[in-house]
Each structure stands twice: as C-alpha cells, then as structure tokens.
Amino acid sequence: EHEVRDLETLRRAFDGGTTTWIDVQGFGDRDRIDAIGSTFGLHPLLLEDVVNVPQRPKVESYGDQVLIIVRMIPVDIAERAEPEQLSLVLGPHYVLTFQERHGHLLAPIRRRIRSRKGAPSGMGADYLAYALVDTVVDAYYPALERIGERLEDLETEVIERPTPEVLGRLHHLKNRLVDLRRGIWPQREALNALVRGDFPAITDPVRIYLRDTHDHCVQTSEVAEMYREMVSGLMNTYLSSVANRTNDVMKVLTIVATIFIPLSFLAGVYGMNFEHMPELHSRWAYPTLWALMVGVAGGMLAFFWRKGWIGPGG
Amino acid sequence: EHEVRDLETLRRAFDGGTTTWIDVQGFGDRDRIDAIGSTFGLHPLLLEDVVNVPQRPKVESYGDQVLIIVRMIPVDIAERAEPEQLSLVLGPHYVLTFQERHGHLLAPIRRRIRSRKGAPSGMGADYLAYALVDTVVDAYYPALERIGERLEDLETEVIERPTPEVLGRLHHLKNRLVDLRRGIWPQREALNALVRGDFPAITDPVRIYLRDTHDHCVQTSEVAEMYREMVSGLMNTYLSSVANRTNDVMKVLTIVATIFIPLSFLAGVYGMNFEHMPELHSRWAYPTLWALMVGVAGGMLAFFWRKGWIGPGG
Amino acid sequence: EHEVRDLETLRRAFDGGTTTWIDVQGFGDRDRIDAIGSTFGLHPLLLEDVVNVPQRPKVESYGDQVLIIVRMIPVDIAERAEPEQLSLVLGPHYVLTFQERHGHLLAPIRRRIRSRKGAPSGMGADYLAYALVDTVVDAYYPALERIGERLEDLETEVIERPTPEVLGRLHHLKNRLVDLRRGIWPQREALNALVRGDFPAITDPVRIYLRDTHDHCVQTSEVAEMYREMVSGLMNTYLSSVANRTNDVMKVLTIVATIFIPLSFLAGVYGMNFEHMPELHSRWAYPTLWALMVGVAGGMLAFFWRKGWIGPGG
Amino acid sequence: EHEVRDLETLRRAFDGGTTTWIDVQGFGDRDRIDAIGSTFGLHPLLLEDVVNVPQRPKVESYGDQVLIIVRMIPVDIAERAEPEQLSLVLGPHYVLTFQERHGHLLAPIRRRIRSRKGAPSGMGADYLAYALVDTVVDAYYPALERIGERLEDLETEVIERPTPEVLGRLHHLKNRLVDLRRGIWPQREALNALVRGDFPAITDPVRIYLRDTHDHCVQTSEVAEMYREMVSGLMNTYLSSVANRTNDVMKVLTIVATIFIPLSFLAGVYGMNFEHMPELHSRWAYPTLWALMVGVAGGMLAFFWRKGWIGPGG
Amino acid sequence: EHEVRDLETLRRAFDGGTTTWIDVQGFGDRDRIDAIGSTFGLHPLLLEDVVNVPQRPKVESYGDQVLIIVRMIPVDIAERAEPEQLSLVLGPHYVLTFQERHGHLLAPIRRRIRSRKGAPSGMGADYLAYALVDTVVDAYYPALERIGERLEDLETEVIERPTPEVLGRLHHLKNRLVDLRRGIWPQREALNALVRGDFPAITDPVRIYLRDTHDHCVQTSEVAEMYREMVSGLMNTYLSSVANRTNDVMKVLTIVATIFIPLSFLAGVYGMNFEHMPELHSRWAYPTLWALMVGVAGGMLAFFWRKGWIGPGG
C-alpha cells in the first residue's frame, strides 16, 4: 500500500497484478482525475458521478467495473449536515476510492492492510471493497447513538420545560433525520443489489459478508425511522404540553377573576352615593356584607373544587 | 438432555448421532463460545451475530447450517424495554441455542423433552427448532394482553382525568409499541422465509408447523399495530379533552365576567362624587338601579342560555 | 341434512358418498371434537386453529383438505365487539363447519338445502363451501350500513353540539372500525388465494362464484376504509369545532370586558375623594362624562365591527 | 341502430351478424332483463352484478364474454353524490350496455354511429366498447374541473373568512373526493387489465386506444388525489386561521385589560373613605395621579410594542 | 440543423438519411401539425397526446416509433405554476419534438449540434433523444435549489414572525410541491421503462446514459419529497408557534389581572359608605391596608415565579 502521488506510481501499482487500492482524496485537480479515468478506462458517466457530489448511494455496472457509491456520515450528524460521498470502483484486480475531503474514516482498513502486507488471505478485490463499505456502514452506529442520547435529553425537556427553543431543536433534529433517511434508503437498496448477486464481480464468499453489511444497513435504517417517529411524537407532546399550560394559566385567571369580580361589584354597590340607601345606616350591614362576600367566595371555591380545578390533581 | 458445562461433554453429546440440543446461556466466556464455534464449524459472521446482541430477527443460511435469530420479550414489556435475543443454529443433527442471560422461557420445552426421553417421535432437529421458535412467539400473547389492559385503563383516564402525567404514560407506551414492532416485523419476514421453503434443512411436515407459528406472529403483529393506532387515537383524544376543558374554563370566566363587569360599571357611575348628579337625590333611584342591574344580569344569562353555554348540555 | 348429535350418525352420514355437511356448534365437549378430528383425519394444527378462537381469517391446505376460516360479524357490530369465527374444512365429499356459539346465520343455507333435497345440482362440496362463505361475507353489508347511519348521526352532532360525549362515541366507533378492518383484510387475501386457483379442491365453475364473493369482500373492505377516514375527518372537525367555540366565547368576553373596563376606570376616577378636583364642581361635568363614555363604547363597537367580531358573520 | 323495445326486435338485431349495440335503460322490468340474459347466454352472476348497483368498477371474463363495469359521474359531483353504473357486456359481435336511469351521456356515441351507418370502419365490437368506456372516462374531466374551481373559492374563504360553515363545506367536499377515489381506483385497475391483454376479446389495435383511456383514468385519479391533499391542507389552514384569530382576540383583551385594571385600582385607592389619607388633602395630588396613570399606561403600551403585539405586524 | 418553416423543407430534411431533428414550436396551426403527422405516419392518438397538453409524462411505443412525453419546469416554479410539456417522437432516423410555446431550454443542444455539424459521433437518433430528455431533467436542479432557498427564508420567519401571511406562503409552496411531484413521479417511471430496455429503439450504449438521467430524476423526486415534508413540518411549527404566543399573551393578562383584581376589591371595600365601618376611623388603617395590598401582590408574584411564568425562561 503506497500513498500514490503521481500518475507514474499509479500506473506501476496497477501493473502489479495483485489487488491494488488507489485512494483519491480531493477533486481539486480535475486533470489528474481525468488521467486516472483514462488509465483505468472509466466510463465518462462514471467519472461524472464520482466528481459531482453528492450522488444518491447506488451500485452500477459498467462493463467489468462496478461503481459503488456510499454515504459517509460524521459522528456528530445530529449537529452538522455534512455527509460525504465515498465512490468505489471495483475492477478485476483493483479498487479505486474517491473522496472529496481528506478523511480518516478508512484509516483502520489501511492499518489492517499494512499489518497483513496485502489483501486478506485468499480474497480478491471484492473483499477489499466489502471491507471499505462495511467500515462506512458501521460508522452509522455511533452517530445514531448520539442522536438517541440527544433525543432522550429533549424528551425530558419537552415534558419539564416546553419552551419554543426546545421545539426549534426538535425541528432541527427532524430535518437531520429526514436527510439521513434520504441517504440510508438507497444505500440499503444498493447493498441489496450486491447481495442478490446481480454483479459477477462479487464472489459468493464475499456476498455472505456483504449480506451482513446489508443487515447492518437495514438495522440503522430502522433505528433512524424509529427516531423520526419519536421526534414526531415529541412534537405532538410539545403541542399538548403548551395546550396544557394555557389551560393552567386560564384556570388561575378564572379562579381569581370569578371570585373577586362579583365581590368588587358588591363593594361598588355600597360605594354609591344615593341619598336613599337604607342599608348604609344599619348597624350590622357592614359585617353582614362581609359574611355575604365570604359566602360567595366560598361557594365559588366549592364549585371549582367540584370541577376539579383546585385541590389534588388540579 | 444434559446441562452441558464443559466442552468435552459437548463434543460427546454431538457425537451421539441423534438430535442434540446445546443451550449456551451467557456470553461472558468468549473463549468457550469460540471453541463451540470451531467445534461446529460456525462461520465467523454467524458467531458475531450471535454474540453482538441485539440483531434484527432473521433467518440466514450458512452452508448446511441455518441461523435463526428471534426476539424474546418479557411479559411486562409495557413497563420495561428489555427484549432478549435467542439465536438458534439448526445443523444436520443438532440445534444450538444462545442467550445472553439465564432465562426460563425455554423451560417447558426442556421438560417436554425430558419426559419424552428425546426429540418428538420421528421428527428431527428441525422440529426442535420449530418448538423453540414457537415457544418464543407464543410468549408474545400474554405480553400483548397486558398492554391491552393498560390501554383500557388509560382510555378511562384520558376521558375522566386528562392530566399531563397520563399523556406521559401514553407517550411511554407508544415508544414501547414502536420498539416492539421493530422486532415483530422482521421476525414475521424471517418466519415467512422458513415457511416458503427456501431452506432445505426444514422438512415439509415441520413447515406445516412453522406455518402455524408464522400465523401467530402475523396475528401478534396485527394486534401490536392496532394498539399503536389506539394509542395515537388516545393521544388525539387527550388533546381534544384539554381543548374542551380550556373551553369550559373560558365559559365560566366569560359568564361571570360579562355579567359583573357591566354591573360594576353602573355601581361605579353612582359612586362618583359630582356635585350635580340629579339621580342621586331621587327617592326611587336606588331600587330602580337594582332592577336595572337584575335586568342586565338576566339578559346576559338568557343570551348565554341561547348560546348553549349554560343549562342542559352546557 | 340431519342434525347430527352422536358420532355414529356422523360416521354414517360420512359414508353416504354424496356431499355431506356436518355443522359443529359449541366447543364445550372437547372429546367429541377430537373424535371428529380422528374420524376425518384432521391435522392436529387444523383442529387447534378451529378450537382456539379467534384466529385470523385464512385458507390453508392440509393434504386433500382445505381449512377456511372466516369471521362472522353481528349486524350490530357498531355497538358490540363480538365477531365470531366460522371454520370450514372442505374435504373430498364433505364440508365440516365449526362455530363456538349456536347461531342462525347459516339458517338460509340449511333451508335452501332442505328444500332442494341435497347440494345444488351438479355441484360438489366446494359449492357448498362457497355458499357458506358467501353467506358470511354478505352479512357484512347490513352491519356496514348500520355503521353508515350512525356516522351520519354523529356528523350532525359534531357540527351542532360538539360535546365530549360525541367525541367518546366517535372514538368508540373508530376502534370498532379498526377491529373490523383487522378481520376483513386477511379475509380478502384468503378469498383471493381461493380465486387464484392455488387449491385443487376448488373447481373452476365454483371459482367464478368465489370471484364474486371476493369482489363483495373487497367492496366491504373499501367501505370500511372509507368509514374510517370519515371518522378521522369527523374527529378533526370536532377539534376545529371546539376551537371555534373557544374563539366565540373569547370574543364575547373581550367585547364586554374591553368596553366596560375603561368605562369603569373613568367612573372610578370621579369617585375619588381628592379635595381638589375641579371637574367635580362643574355643572356639565356629569353629562359630559356620560357623553365621553358613550363615545368610548361606540368607538370600541366600531372597532369590533371592523374586525368582523360583531355584526353579520360574527 | 334501433331503439329496441321488444325482445323480438332484439333477437333479430342479434341475428344480423354485424356488430350490434343493445342499450338497456332502467331495471324495473326484471323479466325482460332475464330474457335478455337467456337470449345472450349471460352467466347468472354477471346478470346480478349488472342489476345490483353499485358494483365496484371491474373487468371480468365469462367464457367468450367480457363484463366491464365503469362508473359514470355527473358533472356536478361536487354537490351531488349520485354516480351511476354503466355495465358493458362485450360479446363476439355485440355490446350490451345496462344503465339504471335514462341518461344522455352516451348520446354522442349514438350520434356518431348513426351518421356513419354502423361501427367505425374495420373495427369490431371491442372498438365500440372502447368508445363507450372512453366517453365515460372523459366525462370525469369537466367534473374534476368544477371541483377545482370550488376548491379555489374555498381557499380564498378559508384565509379571509374562516367560519364554521366553510369548514362544513370543506368537510363535504372531502367526503365527495373520498367517494370519487373509491370509484376511480378500481376503474384504473380494470382498464389496466384490459390494456395488459388478459382478454382475447380485445384486439391489439383497440388495446392501443384503451391504453389512451387508461392514461386518462390515471390522470383523473391523480388530479382527484391532489385535490384531496389540497382539501386536507385547507382544513389545517382553517385550524391555524382559527387559532390565529383567537390569538388576535386575546391580544386585544389583554392590552385593554392590563392597561385599565391597574389604573382602576389606583382610582379605587383614592376613592376610599379612610379618615386619615394625607394625599387626599394635597393640592397637587389629583394632577400627580393623572400623570402617574398616564405613565403606567404608556409603560404598558411600550411593553406591548416591544412584544410586537401592537404596531406594524401586530 | 435547419429552422424548418414549410413542409417541403421538412420532407427534404427527412429524406436526408442521417439523424434529423424537427422541432415544432406552437400548436396554433393545426393543419401543419396534421401534415407532419401524415408525413411521418404518426398514430392519431399519438398526435392527440402531443397537442392536448398537459399529458402525464410517459413513454409509449407506436410501432417503430416511441413517444416520450416529459415535463419542463421553469426555474421559478416556486412562484409560477406553468410547467410545459415536451413531446418527443423517436423514429428510426429522426426525432420530432413538440412544444406549445417558444422556449430556450433546448438552445444548448442546438448549439452543440451546430458546432459539431450533426449528431454526436457514432450515435443515432436515440442519443439525440437522450440529450434532449437529459437537458429537461437537469433543469429541475436550479428550480429545486430556488425552492430550497425559499424554504430556508420561511423557516426563519415561522420561528421569528409567525404571521398568517407566512402561513399563506407555506400553503402556496406546498401546493407547488404537490403539483411538482405529480409531474416527477410518472417521469421517473417513464425513464425507468426506457432504462429497463422495453423499447428496442434505444440501443444499449444510450441506455447507460439514460440510466444516469433516470438517476437524476430519482434524486430530484427525493429532494422534492423532502421539501414537502419540510413544508409540512414548518406548518406544524407554525401552529405550535401560534399556540405559544397565545400562551404568552394569556400569561401577561393573568399576571396583571390576578394581581390587581383582588387589590381593587380591597380598595372597593373601603370605598363603601356604610355608617358603621370601624376601620375607617383608625389612624393606621390606610398604611396597614397598603401593607396588606403590597403583601398580596408579592404573594401572587411569588406564586407566578414558582410556576415559572415570570423570571428566567418565562
């Protein structure tokens, strides 16, 4: 395994006869990519799909070459929306990989290959392609786990403090999940096509491995789907929560207002300045009125208690 | 049937020639599991699926071995979220089962085998595999029944006392059902693959039995689906209930406020201290005002009655 | 056609050679059912599906026997939730039917057979099976019709009197429809399997008849689906209705309060006891204030009119 | 083309050898229909589907006859819910059509045939059947167009005047569309079956024409689906609109009440009759209080302005 | 490549033997179109689909001709709803295109052909058809991008200023997306049919190119679908936003009203004119009452603080 920098080395590597992996990072130098294209006889459409990112994850056959496009997601996908595309060209004795940015996702494979001095024993280029795709798919698990943790935090907040800011974060997370799903589903289909055996470049022993990768992809897609449903559920809970709080606010207002507005009216009546108001001159009128007002307030409170607006559970 | 503890016994049991069931509980001792793997020639991917729980329920063929992964759910799934995985490897003359924790779900099978001294008459390892899977699927019924009971309780509460706490429980139950479905659906597919006859290890008489198990699985999936719809329905009912209560609260406030605010205004008018207010000196002003106020209140009440806010059905 | 009471008669009936219909009602006597099972060579799983009700409607082949399970619904399904299972076993020259309770649904068939003295001319046991299934499916129409009537009643009530009780009834009806659908869909599939010709026991002329029954089943399923959508629609309408009423209540409160609260304030100002309030001594202050208050009230009303809260359409 | 009134004429027409179209309108005279049935050897089930309206649109083969059932909708379907069934029986040299009511939908075909003196050149009974079905399907366009116009009217009203009456009309329109879809979808399937070539009675040149009719049917179904989504969208908009108006009403109430309630309290304080209230005797107390009250009101207004409740956009 | 204006030139162009592209813009002159139809032997149904716009995007085979109908959308589809239809007839050595209006979308192809003097090297009419369809599909990207920008603007506005006008724009955008989808989906199917190889007129090398176009079409359909979900999400956010604001308004009202209404009542009590009110004569009554009132207000504020209605996060 060499860090191929100039086209000469590349060509020599290709001539080696054993399984060769050429990893192209960065598409700045279009000429170089075209040169690789003509060296390996890549179809112009294949080259365009590789360079014009993002494409949908897919598997396509061009003669004896298979183009596999998968989507790599960063572990902090919940915050950022920058998945990257990994394009693989699986040829008879080589695997070409193309990435737009320099990334470290494939480093473990590199290390494995370096330590073993070459491809895994007895397996050809298709196994290498499997190993690369598998690494990409497995990287979805920690990313999904982080979304799951975030979801749990949001659940607590929705129930305890349903502020608009929480809704904004739910909304953001939902968009992230919709975007994620848009990548996972075609990836699932693409892997399924590889497993079904439509591509002769994939040998039977490797197909068993790819079946496993497909299974992982299905699992991540189901988890993502479940998270999306949970976000929707939380949004509805948020709405219910707000409705509940409005109801609470209303109850307080209603209780206070319906008790004191009638009492104020009574006080207002005996604040009038009519010359002829017999009650005003009575010795017991004032205490009687207080008694009446206490009675009205008590009656109201009893009514609210019976309605369940105050007291336990209110 | 022996409680196999050391690998020697295991090997001997395997050499017996008749149908052998080896039940591995707990994955703490990875070396032992690897030893079992090499004894029975298990594919490394198969072994990984067995050990890395949870996997999706599935059926996969590895040469003459069939890996069947099913999900066991505890009877109190409505409260706890800890399904466990049962992995079966169906070989020519043996069944290997793997569970992470020591469980008693398979005890009835054990007892049946013990009493009959061996596998059911004339049936091979595939019948044993069926019996195990059937036991797992049948354990869904009591769990679903308990969810059903819980749902009935919640229905009553939503209508009678729609507190936020009830919503929280509905929310929790929905998440449990979403999670449950995530296990049932692939199990249904897996059983269907077994029934369809894609696996030669399953003989025709056993396939008729598996068809029955598949049917039960479909039935549980439909019940779970129905429960999920009912939970969604209850959540909407909850929202309607809260909206209704807000409406009720508003009506009380409006009735009291719209009656007494105008009356207070009238009382306020005659509490003014202008020097020249002819009404103040009239003998009949005070009773007249009372009459007017009673009239206004009565008119308001009549208006509310006509609107249907008070009286029968209000 | 005989009311078979003891097994001897049964066996003799079976020996007759012509098409025989044996109708078993009630599963209390398990021994007798087992006896029937062994007489006709029924598979143990078949017998279990027959006895353990309810099963999903389905069609299954057991050797030269076909098990057909359909769901009978009572005409008042909208109120009660007690569908019953009819299990048919179609054998070479006989039809066995099993019901848990004594019912009169199949009475018309009985009568038809009695009057014609035997099975319909030239048709075998499969025609009898068709006639029985067709009777069960046709009984869905009056039940659906009753649901339709109930739905129309609820529609009127939702618009005119959206009380929580109406919501409860909608909720109940929806659950009934969800349950109904759970029975109709597999029945539809089962009938389709019969029509497709997967079962050699069904002859071609009878398949044309079954196609008709399948068509009826599809029609009922579509009506049930439509009703379910209509119930969902009514629930949303209910919510809108409640929101509307809250809006109405709010408008009345707002109109009354915003008119009289400022007026009360003005009255309150001139009810103050300051020594130095020049207005109090003016001759025209009191009428001027009244004019001002009428002006304020009028301005408010004009504002509400412009907003469309009062007047036509308010 | 003759208006066939008695069975004799009918039989003679049938004997003609050329393509014959017999149009039966009204099912009052059951005997006559049975006579037609026996004349043309119609299967009893076919005859029942023809007479028991409404059936689902479908295509069924009975020996060398094809039964085609399509649904005719009136142009004012948005208001009325009375689709009618057209049943066609396509035989070797004849087409029988059955309608329950006398209608004018097929008049153009009649006219075309009359003017050309017979069926279109070189085409047989299947072309006539196509022409009839095509006429029925084409009649959906003006009906859908009218629904579209109605939808546009409702859209304006929902935004400008969201009264409950508008909701009722939306609700009604949605039910109409649900009902319409229930007819279009099976019709689409039925036409597809005709195009696929499952029926030998349809010759290849006519199948090209039917492909066109199928295409129109698909288009109408998509338009109907789109309208249904638009109605659902309008219903949600309605709910938002009502919520918005409630918010508006609340804002007015809150602004007025929160300004004047504190002011009334201040006025109330200085309306008290305590002997010892030093402020009452101060010369500048009254104007000072006014200043204070104006300040409080101004502060409140500033607060509301900052909240965005008053001023531009409020 | 010539601007064909009269039929003579057209016929001569057709006689050339090489790949000929005839572009018809505007359907005003029906006679000319009929003349083209008879010149190229177009089926009457084909001609009708070309002229009666809009049709659903589709691919249909008429003998050795293939009719391809695609939908061109303007880049400002978010504002306007005027997609246009491009009909292609792919014959053995020619491509006919029909558009209703004069457009510049196909100008790049024209330029490419002009510069290369003829069709692309070695490729026939099917490549030209591909190039035309590809140009149409690629024009969806900038249109979708513009919708995406609009969506981002709306997202900010929904959160910051949820006015009914914003809802109206969301509603409008959703209808545009529903309409867009109605065009994309059948287009996707049509392209898939071309790629699958149902049409012998499409050679294998061109099918690889069409696979790419199909892929782009799938991608645009997924983006459109995602946008639609985002619009739905924003509509729900809008509703939540309005509910939140109502809650805010309510809280302000409740706080002010529940503090001052009881205080006003107290002031009202001591504004009464009873002869015997001992408190009125006490020296410390007035300051005591003030202390009491401050205490009540403080208690209320503490209660609101504890409820979380005022203070941080309120």
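Residues numbered from 1 in each chain as written. Chains lettered and ligands numbered in written order. Predicted model: local features only at pLDDT ≥ 70, side-chain atom pairs only at ≥ 80, totals over all residues. Heavy atoms only, no water.

All names here are of chain C. Within the open sheet, the five strands sit side by side as β1-β5-β4-β3-β2. Their pairing is mixed. The two strands at the open ends of the sheet, each matched to only one other strand, are β1 (20-25) and β2 (58-62). For this sheet, the mean inter-axis angle between neighbouring strands, taken without regard to orientation, is 15°. Across five bridges, β2 lies against strand β3 (residues 65-72) in antiparallel orientation. Along β3, the bridge assignment pairs S61 with V66. Each of β1, β3 and β5 (94-99) is contacted by helix α2 (residues 30-40), which is oriented at about 160° to β5, the strand it contacts most. (Pairing = 2+ DSSP bridges. Helix = DSSP H or I, 4+ residues; strand = E, 2+ residues; numbered from the N terminus. Axes fitted to C-alpha atoms, helices over the stretch in contact; angles between N-to-C directions. Contact = heavy atoms within 4.5 Å.)

A word on the relation of the copies chain B and chain C. When chain B is fitted to chain C, the best match, at an RMSD of 0.1 Å, comes from turning it 72° and sliding it 0.0 Å along the axis. Those values place the two copies in the arrangement expected of a five-fold rotation axis. Nearest to the rotation axis, the C-alpha of B:G271 is located 4.7 Å from it, this being the minimum over chain B. (Least-squares fit on C-alpha atoms with pLDDT ≥ 70 in both.)

So, about the interface of chain B and chain A. Interfaces are often sized by the amount of accessible area the parts lose when they come together. Listed by partner, the interface residues are 53 residues for chain B and 49 residues for chain A. Summing both partners gives a buried area of about 4,500 Å² for chain B against chain A, and 63% of it is carried by carbon and sulfur. The interface formed by chain B and chain A holds five salt bridges in total. Across the salt bridge formed by A:R211 and B:E60, the nearest N and O atoms sit 3.6 Å from each other. Where chain B packs against chain A, one counts 17 residue pairs in polar contact (both at pLDDT 80 or more). Of all the secondary structure elements, the ones that give two or more residues to the side of chain B that touches chain A are α3 (44-51), β2 (58-62), α7 (164-196), α8 (204-269) and α9 (285-307) of chain B. A class-by-class count of the residues in the side of chain B that touches chain A yields 29 nonpolar, 12 polar and 12 charged. (Buried area = accessible area lost by both parts, 1.4 Å probe. Salt bridge = Lys/Arg side-chain N within 4 Å of Asp/Glu carboxyl O. Polar contact = N/O pair within 3.5 Å; in protein donor to acceptor, adjacent residues only side chain to side chain. Nonpolar A, V, L, I, M, F, W, Y, C, P; charged D, E, K, R; others polar.)

Here the focus is the domain arrangement of chain A. Split into domains, chain A comes out as domain 1 (7-241) and domain 2 (250-307). Relative placement of domain 1 of chain A and domain 2 of chain A: their C-alpha centres are 74 Å apart. (Domains from an automatic or database assignment.)

Here the focus is a negative patch on the surface. All names here are of chain A. A cluster of acidic residues, E145, E149, E152 and D153, forms a negative patch on the protein surface. Residue placement: E152 occurs in helix α6 (residues 140-160). By relative accessible area, which is 56% here, E152 ends up exposed. (Patch = residues over 30% accessible without salt bridge, like charges linked within 9 Å, V, L, I, M, F, W, Y side chains within 5 Å. Areas by Shrake-Rupley, 256 points an atom, 1.4 Å probe, with all protein chains shown as cover. Lys, Arg positive; Asp, Glu negative; His and termini not counted. Charge placed at Lys NZ, Arg CZ, Asp CG, Glu CD. Buried < 20%, exposed > 50% of the residue type's maximum accessible area, 1.4 Å probe, protein only.)

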